[in-house]
Amino acid sequence: MTTSTQYEPDAARLAESARKIRSPFELDLSLRFYSPQANLDGMQHPQIADWHRFIGEEWTPPPTPAGARRVALLIPCTKYKPYSTSREHRAINGALLEAGWRPDGDSTAPAALAGYLDDGESPDLLHDGPLRRGDVFLDRFVLSEPMAIVPYSHIYYWRDAPSPAACYDDPGLFEARGTSVSPERPDCTATQLANGKWRWGPAERQAFAETHNYLAAIIRRCLVRLSPAYAGIAAWVSPGLTHRSFLADDAFRRAEGLARSRKGAAGPVKLVGVLEGAPGLVTMMPTQEQLEDARGRLAGRLEAEGRATTPAAVRAVYARGDGNDTPLGLPEALTHLTGWLAAV
């Protein structure tokens, strides 16, 4: 395989990538993965391959005190790095703090990152260590292309250097967005649409399926190895998106209408997620029922606030998470996450 740095995108795309990395961290030019093909090549990038080995074989949570227990929470990666500065993670972490979870131990978050918080937001939103409520410890993990899975304890630093998780750009393996392509590559088979976006071709779909299954296998290996340390593992991931697909087994795909395969250059390639080889390992949230409940309660809140409540207006606010980027950041949805954690 080649590395993603062999093919150079235009200057505008490079500048956009640099803007996504928040100071004091900087973009690593070798860690740009703009398409499924670039992601597949990236599995052989020395730093990424070393990271995959580390999380698959080495990383462990801190020791759990006698009489206490741990739970794990998987959440999606974000456009901006470090992840904790994104609106989505700040909403999730804010809901956890509001529910009584408190940082345990010191944080390695650089002081400069506080400048990305809104007025009145707690610096604890940036804490990268475990959270604790009573005798329960919570470890957060981020699902990522191309990192696979990132313990929150390494969202800033790894091996006494900036973490690759804080220094990469990857628009994600989301075909519907029409941006995950590398037209500068000779193996690009995507076609540009009238609106300027792109439709994947067979090479993109083949590379997507191979990358999807490769990353899902790494996530599975990590979670299976770590599962004895946890009383429960939950995923807070959006329906229909790749992070949910990384986890889903075939039955879950059928139930939610997730793609079961992709038609690549050599024919259909089955998509295999974590639960396929480890049934019951992860509790998937939010469920469709939880999201429907959140939409209904969101409409009630908008009405109480004097905001538009037409079906189109509610859909628009819901899709944007009311300023938190995705529905995962809605307070009406996050009550289901905090409720699950309280019951574990």
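The structure presented is a predicted model; accordingly, all values stated were derived computationally and were not measured.

Considerations on the packing of aromatic side chains
Part 1: Scanning all chains against the criterion turns up 9 aromatic pairs.
Part 2: Here F25 and Y156 contribute two aromatic rings whose centre-to-centre distance is 6.2 Å and whose plane-to-plane angle is 10 degrees, an arrangement assigned as stacked. Placement of F25 in the loop between α1 (11–19) and α2 (36–42) and of Y156 in the loop between β5 (148–151) and β6 (157–158) is noted, with a sequence separation of 131 residues between them. Per residue, the accessibility class of F25 equals that of Y156, and both read buried.
Part 3: Judged by centre distance (5.0 Å) and plane angle (80 degrees), the rings of W51 and W158 are edge-to-face. Placement of the pair is W51 in helix α3 (residues 46–57) and W158 in strand β6, with a sequence separation of 107 residues.
Part 4: You can call W51 buried: its relative accessible area is 0%.
Part 5: On the accessibility criterion, W158 (7% relative accessible area) is buried.
Part 6: An aromatic cluster of three or more residues is present, and its members are F25, Y156 and Y157.

Concerning the pattern of salt bridges
Part 1: Overall, the coordinates contain 25 salt bridges when judged by the stated rule.
Part 2: Note that R185 is salt-bridged to D187, the shortest N-O span being 2.8 Å.
Part 3: A salt bridge links R295 to E292, with the nearest nitrogen and oxygen atoms 2.7 Å apart. Of this pair, R295 and E292 both sit in helix α9 (residues 288–304), 3 residues apart, roughly one helical turn.
Part 4: Using a relative accessible area of 26% as the deciding quantity, one classes R295 as partly exposed.
Part 5: Each of the salt bridges in this network shares a partner with another, and the network as a whole consists of D50, R53, E57, E58 and R159.

Some remarks on the side chain of K20
Part 1: Mapping K20 onto the fold places it in the loop between α1 and α2.
Part 2: Overall, the relative accessible area of 9% leaves K20 in the buried class.
Part 3: There is a polar contact of 3.1 Å between the side chain of K20 and the side chain of D169.
Part 4: Setting aside anything within four residues of it in sequence, one finds K20 in contact with K79, Y80, K81 and D169.

As for the confidence of the model for the protein
Part 1: Residue-level pLDDT values for the protein average 95, and 98% of them are 70 or greater.
Part 2: pLDDT under 50 marks residues 1–5. Its contacts with residues more than four places away, or in other chains, come to 14 contacts.

What counts as what
Residues numbered from 1 in each chain as written. Predicted model: local features only at pLDDT ≥ 70, side-chain atom pairs only at ≥ 80, totals over all residues. Heavy atoms only, no water. Phe/Tyr/Trp six-rings, centres within 6.5 Å; stacked < 30°, edge-to-face > 60°. Helix = DSSP H or I, 4+ residues; strand = E, 2+ residues; numbered from the N terminus. Buried < 20%, exposed > 50% of the residue type's maximum accessible area, 1.4 Å probe, protein only. Salt bridge = Lys/Arg side-chain N within 4 Å of Asp/Glu carboxyl O. Polar contact = N/O pair within 3.5 Å; in protein donor to acceptor, adjacent residues only side chain to side chain. Contact = heavy atoms within 4.5 Å. pLDDT = per-residue confidence, 0-100.

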